[in-house]
Amino acid sequence: MFTFGSPILGWMLGHMAINCLTRVYNEPIVEIMITLSVAYSAYILAEDFFKVSGVLTLVTLGIVMAAHKESITPEVEELVHRFWEILAYLTNTIIFFLVGMVIIIKAAGSVERNDIFLITATYIGVNVFRYSVLFFSIQTTISLVK
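As recorded in an unreviewed UniProt entry, the chain goes by the name SLC9C1, listed as coming from Cordylochernes scorpioides. Listed under Subcellular location (unreviewed entry) in UniProt, the entry text for the chain is "Cell membrane".

1. Focus: the overall build of the chain
Helix and strand counts for the chain stand at five helices and zero strands. Reading the chain from its N end, one meets helices and strands in the order α-α-α-α-α. Once the C-alpha set of the chain is aligned to its principal axes, its extents read approximately 60 × 55 × 25 Å. Expressed as a percentage of the 146 residues in the chain, the buried residues total 23%. The contacts of the chain with a sequence gap of at least 6 include a subset with a gap of at least 24, amounting to 71%. Looking at the chain as shown, the accessible area adds up to about 11000 Å², and 74% of this sits on carbon and sulfur atoms. Where the 8 positive side-chain charges of the chain centre and where its 11 negative ones centre are 10 Å apart.

2. Points about the UniProt feature "transmembrane region" (unreviewed entry) in the chain
Residues given the UniProt feature "transmembrane region" (unreviewed entry) here are residues 49–66, 86–105 and 117–138. Secondary structure within residues 49–66 divides into 78% helix and 0% strand; the distance between the first and last C-alpha atoms comes to 25 Å. Along residues 117–138, the helical share is 100% and the strand share 0%, with 31 Å between the first and last C-alpha atoms.

3. Re unusual backbone geometry
In this structure, N26 takes a positive phi of about 55 degrees despite not being glycine. Looking at the element boundaries, N26 is found in the loop between helix 1 (5–22) and helix 2 (28–49). At K51, a position not held by glycine, the phi torsion is positive, near 55 degrees. Here K51 shows up in the loop between helix 2 and helix 3 (54–67).

4. Topic: helix 1
End to end, helix 1 covers 26 Å across 18 residues, agreeing with the expected 26 Å (1.5 Å per residue, within 8%). For helix 1, the set of buried residues is G5, S6, L9, G10, L13, G14, A17, I18 and L21.

5. Concerning the layout of surface pockets
Gaps left between atoms show up when a probe the size of a water molecule is rolled over them. Taken as a whole, the largest pocket spans an internal volume of roughly 580 Å³. If you trace the largest pocket, you find 19 residues lining it, with T35, A39, G62, M65 and W84 closest to the centre. The set of elements that each furnish at least two residues to the lining of the largest pocket consists of helix 2, helix 3 and helix 4 (74–107). Of all the elements, helix 4 adds the most residues to the lining of the largest pocket, at seven residues.

6. Some points on the nonpolar core
Judged by nonpolar contacts, the single largest core of 18 residues is most densely connected at L13, L61 and M65. Mapped onto this core, the elements with two or more residues apiece are helix 1, helix 2, helix 3 and helix 4. Residues within four places of L13 in sequence aside, it is in contact with V38, A42, L45 and L61.

Calculation criteria
- Residues numbered from 1 in each chain as written.
- Predicted model: local features only at pLDDT ≥ 70, side-chain atom pairs only at ≥ 80, totals over all residues.
- Heavy atoms only, no water.
- UniProt positions renumbered as here; feature names shortened; annotations may be inferred.
- Helix = DSSP H or I, 4+ residues; strand = E, 2+ residues; numbered from the N terminus.
- Buried < 20%, exposed > 50% of the residue type's maximum accessible area, 1.4 Å probe, protein only.
- Contact = heavy atoms within 4.5 Å.
- Areas by Shrake-Rupley, 256 points an atom, 1.4 Å probe, with all protein chains shown as cover.
- Lys, Arg positive; Asp, Glu negative; His and termini not counted.
- Charge placed at Lys NZ, Arg CZ, Asp CG, Glu CD.
- Expected span 1.5 Å × (residues − 1).
- 1 Å grid on protein atoms, 1.4 Å probe; cavity = no way out; pocket = protein on both sides within 12 Å on 5 of 7 lines; lining within 4 Å.
- Points joined across faces, edges and corners; volume = space filled by probe spheres on them.
- Core = buried A, V, L, I, M, F, W, Y, C linked by side-chain atoms within 4.5 Å.

Right under this line is the structure:
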């Protein structure tokens, strides 16, 4: 791939988005949709039309947008940030779910009794450890409050 075109495309699209954002004031849905549409458009344009790295384009776009974050209305900035946090969480959840399904489908025929025991023991061990950490942190917090 031609990687030098990626930062140029990301820079151009970033400045186009900043130009659009500066024309909007205190419109949360519009500002969120501008950031969302420029992100997806940048990736599609980079990969499908210009045959450059979509990831590098998005990284450059993110750097440009972060450098000019004052173009987002201050009242809306927190909302835009929360929107992207939720979107990142949801996509991570979907990706890990799909990867887990693929692993289960691929490995379903080769699972033995010993594997089931090890999986169950690991699951129980992780949850016991998780709840013990939670329990002791709550106990420590309670003792500090007293």
